[in-house]
Amino acid sequence: MIRRVQLLFLAALVGVLVCLGLGVHALAGTVPALAYAVIALALLLVGAARARAAAEAARRATGRTCTCCTTSQHDPVKVI
């Protein structure tokens, strides 16, 4: 469910950025529109990397479980 919401938000963000890029192209021309596209793409990539790092940190913080030595796969296992 969370992943779906993230993808919908990303699609909406890309749509807004495309609309703004078309506006920049109409008002300022091709070169500023290309500069805008490069900056917007760079910001999207940085945001994706940060989101991935935050998700990885949250996954690590939840702990690990093991199915081979516990009675349930949901029992926490202390990793040494």
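Refer to the preceding data block for the structure.
All residue numbers refer to positions counted from 1 along the written sequence of the respective chain. Only residues with pLDDT of at least 70 get local features here, since the model is predicted, and only at 80 or more are side-chain atom pairs given and counted; chain-wide, interface and lining totals rely on the full set of residues. Derived side-chain values reflect all non-hydrogen atoms in the structure, with water molecules and hydrogen atoms excluded from consideration.

Colleague: Sorry, what's going on with the overall build of the protein here?
Modeller: When helices and strands are counted, the protein shows two helices and two strands. The helix count covers DSSP runs of H or I at least four residues long, the strand count covers runs of E at least two residues long, and both are numbered beginning at the N terminus. Each helix (α) and strand (β) of the protein, taken in turn from the N terminus, gives the series α-α-β-β. Per-residue accessibility, obtained with a 1.4 Å probe over protein chains only, is compared with the maximum for each type, and a residue is labelled buried under 20%, exposed over 50%, and partly exposed between these values. Across the 80 residues that make up the protein, the buried fraction comes to 5%.

Colleague: Just to check I follow, could you spell out the packing of helix H1 (residues 2–28) against helix H2 (residues 30–61) for this structure?
Modeller: It is the contact of H1 with H2, at a shortest axis distance of 8 Å, that shows an interaxial angle of 160°. Looking at the two axes, H1 sits roughly antiparallel to H2. At the point where H1 passes H2, the crossing takes the right-handed sense. Contacts from Leu 10, Leu 13, Val 14, Leu 17, Leu 20, Gly 21, Val 24, His 25 and Ala 28 of H1 reach H2 at Thr 30, Pro 32, Ala 33, Tyr 36, Ala 40 and Leu 44. The class makeup of the residues in the contact of H1 with H2 is twelve nonpolar, three polar and no charged. Axes here mean lines fitted to C-alpha atoms, for a helix over just the part in contact, with angles spanning 0 to 180 degrees between N-to-C directions. In what follows, roughly perpendicular refers to angles from 65 to 115 degrees, roughly parallel to angles under 35, roughly antiparallel to angles over 145, and oblique to any angle outside these ranges. Should the near helix be turned anticlockwise from the far one by less than a right angle, the crossing is left-handed, and should it be turned clockwise, the crossing is right-handed. Should any heavy atoms of two residues lie within 4.5 Å, those residues are considered in contact. Three residue categories are used. Nonpolar comprises Ala, Val, Leu, Ile, Met, Phe, Trp, Tyr, Cys and Pro, charged comprises Asp, Glu, Lys and Arg, and polar comprises the others, including Gly.

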